[in-house]
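Structural characterization, general
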Amino acid sequence: MFIKVIEAISNYAIPLIIVGFLVFGMSKKVKVYESFTEGAKEGFTTAVRIIPFLVAMLVAIGVFRASGAMGLLTKALSPITNLIGMPGEILPMAFMRPLSGGGAEGIMTDLITTHGPESLIGRMAAVMMGSTETTFYVLSVYFGSVSVKKQRHALPVGLLADLAGLITAVLVTRLFFGM
């Protein structure tokens with residue numbers, strides 16, 4: 001029953017949000033289409049500016065994965081993750097998510113293909129994907145594109161938020177799906 005309610009909500013959430021934005025904009029006399037196209041134009045300009053930073057980040061991620069460092073970290077930390085109820089198979093995604101959304105999505109896809117979308121691992125990977133952020137990517141690409149030199153507390157706070165999202169994903173998945 002609970003899963004059916006969640007499925008019904010998820011089927012209508014995004015269309016309702018989009019319609020809500022359109023209705024709200026029109027009620028405030030905003031030229032919605034013109035605002036959208038102006039934002040798209042700015043987005044294209046931003047995308048062109050961040051390409052060098054994106055390439056650098058993707059190369060660094062490739063080196064990290066190819067070096068075998070991911071495998072070593074997974075083996076070293078799996079006894080700790082077992083304490084919070086996180087299967088060791090999820091650990092590579094937990095490490096990759098702050099680095100790369102695409103890399104984490106690839107790992108999540110592999111986990112879902114291997115274990116199934118309704119398995120504990122598949123569900124936990126999906127919840128983790130939605131509750132964490134690509135912290136290093138955001139810092140390197142977006143801060144780099146606007147020439148922010150002093151990031152101050154952005155990295156520690158971002159990583160702390162990722163850790164909170166990861167732990168919450170594990171606990172919520174276990175709570176709601178009781179596996």
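Here the structure is a predicted model, which is why all the values come from computation and not from measurement.

**Digging into the packing of helix H5 (residues 101–115) against helix H6 (residues 120–131)**
Where H5 contacts H6, the axes come no closer than 8 Å and their chain directions differ by 160°. Put simply, H5 runs roughly antiparallel to H6. When you trace H5 past H6, the crossing you get is left-handed. In contact with Gly101, Ala104, Glu105, Met108, Leu111, Ile112 and His115 of H5, H6 contributes Ile121, Gly122, Ala125, Ala126 and Met129. The residue makeup of the contact of H5 with H6, split by class, is eight nonpolar, three polar and one charged.

**Some thoughts on a nonpolar patch on the surface**
A surface patch of nonpolar side chains, amounting to about 830 Å² of accessible area, comprises Met1, Phe2, Ile3, Val5, Ile6, Ile9, Leu175 and Phe176. Those elements that provide at least two residues to the nonpolar patch are helix H1 (2–27) and helix H8 (154–177). Broken down by element, the residue count for the nonpolar patch peaks at five residues, all from H1. Note that isoleucine 9 resides in helix H1.

**Side note on unusual backbone geometry**
One non-glycine residue with positive phi stands out, namely lysine 29, at about 65°. Relative to the elements of secondary structure, lysine 29 occurs in the loop between H1 and helix H2 (32–66).

**Describing the side chain of serine 100**
Positionally, serine 100 belongs in the loop between helix H4 (91–96) and H5. Here glycine 103 takes part through its backbone nitrogen, which lies 2.8 Å from a polar atom of the side chain of serine 100.

**Side note on the nonpolar core**
Ranked by internal contacts, the top residues of the largest apolar core, which has 21 residues, are Met86, Ile90, Met93 and Met128. The set of elements that each furnish at least two residues to this core consists of H4, H5, H6 and H8.

**A look at the UniProt feature "transmembrane region" (unreviewed entry) in the chain**
Taking the UniProt record as the reference, the feature "transmembrane region" (unreviewed entry) is found at residues 12–30, 50–73, 120–143 and 155–177. Along residues 12–30 the backbone is 84% helical and 0% strand, and the end-to-end C-alpha distance reaches 25 Å. The span residues 155–177 is 100% helix and 0% strand, and its two end C-alpha atoms sit 32 Å from each other.

Rules and cut-offs
- Residues numbered from 1 in each chain as written.
- Predicted model: local features only at pLDDT ≥ 70, side-chain atom pairs only at ≥ 80, totals over all residues.
- Heavy atoms only, no water.
- Axes fitted to C-alpha atoms, helices over the stretch in contact; angles between N-to-C directions.
- Helix = DSSP H or I, 4+ residues; strand = E, 2+ residues; numbered from the N terminus.
- Parallel < 35°, antiparallel > 145°, perpendicular 65-115°, else oblique.
- Left-handed = near helix turned anticlockwise from the far one by under 90°.
- Contact = heavy atoms within 4.5 Å.
- Nonpolar A, V, L, I, M, F, W, Y, C, P; charged D, E, K, R; others polar.
- Patch = residues over 30% accessible without salt bridge, like charges linked within 9 Å, V, L, I, M, F, W, Y side chains within 5 Å.
- Areas by Shrake-Rupley, 256 points an atom, 1.4 Å probe, with all protein chains shown as cover.
- Salt bridge = Lys/Arg side-chain N within 4 Å of Asp/Glu carboxyl O.
- Polar contact = N/O pair within 3.5 Å; in protein donor to acceptor, adjacent residues only side chain to side chain.
- Core = buried A, V, L, I, M, F, W, Y, C linked by side-chain atoms within 4.5 Å.
- Buried < 20%, exposed > 50% of the residue type's maximum accessible area, 1.4 Å probe, protein only.
- UniProt positions renumbered as here; feature names shortened; annotations may be inferred.

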